[in-house]
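Fold and geometry: a report
Single-letter residue listing:
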Amino acid sequence: MSLWDFLRDPIGFLTTWFYGVLAGWGVAPGVAQAIGFALGSFILATGAMLFVMLLIWFERKVIARIQDRIGPNRIGPWGLFQSVADMLKIFTKEYITPIGVDWLPYNLAPVLSVASVLVVWAVIPFSITFYGADLNVGLLFVIAIASMGELAIVMAGWGSNNKYALLGAFRAVGQMISYATPMVVALLVPVMMAGSLSLNEIVQRQTVWYILVSPVAALIFFIASIAEVGRSPFDLVEAESELVSGFNVEYSGLKFGMFYVGEFLHAFTAALLFTTLFLGGWRGPGAEQIPILGFIYYVVKTGIVYFLTVLIRGSLPRFRMDQMMDLNWKLLTPLSLAVLLVTALTNKLLEGLALGWRVVVLILLNGLVLWVVNGLLQRYERRRVRREVTSVRRPVARPQQGGAE
Amino acid sequence: MWSDWLYVGMFFVVALFLPAAAITIAGILAPKKPNPAKQAIYECGMETVGEARVQFKVQYYIFGLIFLIFDIETVLLYPWAVAYHQMTLFGVLEAALFVLILLGGLVYAWRKGALEWV
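Cut-offs and rules
Residues numbered from 1 in each chain as written. Chains lettered and ligands numbered in written order. Predicted model: local features only at pLDDT ≥ 70, side-chain atom pairs only at ≥ 80, totals over all residues. Helix = DSSP H or I, 4+ residues; strand = E, 2+ residues; numbered from the N terminus. Rg over C-alpha atoms; globule rule 2.2 N^0.38 Å. Buried ≥ 20, exposed ≤ 12 C-beta atoms within 10 Å, placed from the backbone. Expected span 1.5 Å × (residues − 1). Bend = angle between axes of the 7 residues up to and from the residue. Core = buried A, V, L, I, M, F, W, Y, C linked by C-beta atoms within 7 Å. Contact = placed C-beta atoms within 7 Å. Nonpolar A, V, L, I, M, F, W, Y, C, P; charged D, E, K, R; others polar.

Attention now goes to the overall build of chain B. For chain B, the helix and strand inventory stands at four helices and zero strands. For 118 residues, the compact-globule estimate of 2.2 N^0.38 gives 13 Å, and the C-alpha radius of gyration of chain B, at 25 Å, exceeds that figure by more than 25%. C-alpha atoms of chain B, sized along the principal axes, occupy 70 × 50 × 15 Å. Counting only residues that meet the buried cut, chain B has 22% of its 118 residues in that class.

Below you can see the structure in the form of structure tokens.
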């Protein structure tokens, strides 16, 4: 019986057991809870950071397969321990600090870039019993914390005393704040449907996955979250051919490694959030009774979403700056507002209808909105007068006419 | 509720501590042999010209302003979204009006050419 209890819900079982032991030692309940919180947050955060090694291996392997290579295959089975070896190596690399850096921003930036992603894990519900904090403003908290990453990038760019780094930081912030707009609007749809900002409640009320209620909002959130992370096709931030490597040119050793960890963790966290908000989180057959099953569903769904982002990274070319801004401000933002309007009005008008029918109507209307907005924008695009780049006279140094001087 | 925020606060401290500790440990393990050539600013092998903190394009600032307007107005919509199920059709229509005004602002910025990247 006890073994079954453990297998059914390891986290809950261990938590109960741990508090039981502390109570047995005569620790006051408040103190015991504080100790439990400290230990829990430490284990979860460390786990998340070590998990990144697996993500890096996975991504390298998948991208290698896309590009018809083998990828890491020397260390451990299928090269599984390649990232471990890389981590050991990066621990012994020298920090090369350029002259004239702004000490505090320069050193705080890598720490903050990891922390800003890691803190999101505090509110994510992994299963019905396995979650850190159940904040009633969970989603707002996630959005607020995610924008702290922009601060880290500005600090890195400004502190580095390097033009490329600063230009990369400007681009990064321009891109991130732009894509925050449609993302935040698209996130209104799940909030509206669930009637709560708490991630836990959003999962619990998803009797129908919200990707079915509003596929367009899900798509907007997906695109915007890739742009927020700053991965290909939105990796203008670190466009190698233009900006060396963007805001982290002047970082070396583990300080650079922390930016790397932050990026991968951010990509995975975006997949976690997508699953929570649009794919029903840990919901699935039997997930309420057997919490560990819910955790497995959650990991599988997130894995699929993450695989999709890796696939996109491996197959799409980079956007140009103006294309990137156009996609955001001239397509995604109007589209997200239109979807919000249509979903809110339709759902209210059809309140008497059965849920299944409502979902069908909403899907059809979503398709209609996508079609109409896209059609309107395409008409606008066709009428727009384009500036011919090639015909513009540019001040280029040319050899003087009429002989050498 | 209070204990949830305690947990988040602890998590924040831990999340700041872990990368900071890793960077410090690596700093102790790593060699330290600086020299002027190594510490020079990386600029594709060229000598650095002028100040590194350059002026930035005004376009970034304009996008920042537009973002600010949109983000604040969207945050105002969040309480509405939370109360959506208790609302009558009238409340939804009012929010629709609000969103339409927001769209009007977007169209205005668009026509003014603030969304062009030049």
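Our focus in this paragraph is helix α8 (residues 163-194) of chain A. Residues and elements named next belong to chain A. In this model α8 runs 46 Å from its N-terminal to its C-terminal C-alpha over 32 residues, within 8% of the 46 Å that 1.5 Å per residue would give. In α8, a bend of some 25° at A180 exceeds every other bend along the element, and P182, a proline, comes one to four places later. Here α8 lies mainly inside the structure; 32 of its 32 residues are buried. Positive backbone phi, at 70°, marks G195, one or two positions downstream of α8.

Glancing now at the nonpolar core. All names here are of chain A. Of all hydrophobic cores here, the largest spans 143 residues; its most connected members are L118, A169, F221 and F274. At 23 residues, the largest contribution of residues to this core is made by α8. Setting aside anything within four residues of it in sequence, one finds A169 in contact with I153, V154, A156, G157, W158 and F247.

Turning next to the interface of chain A and chain B. With 68 residues of chain A in contact, the opposing surface of chain B contributes 57 residues. Mapped by element, the contributors of at least two residues to the side of chain A that touches chain B are α3 (29-66), α5 (103-118), α8, α13 (253-278) and α15 (321-349) of chain A. Looking at the side of chain A that touches chain B residue by residue, the classes come out as 44 nonpolar, 15 polar and nine charged.

In this section: the environment of A:V111. Position of A:V111 among the secondary structure elements: in helix α5. Spatially, the C-alpha atom of A:V111 lies 28 Å from that of A:P182, the residues being 71 residues apart in sequence. With sequence-adjacent residues up to four places away left out, A:V111 is seen in contact with A:M258, B:L16, B:P19, B:A20 and B:I23.

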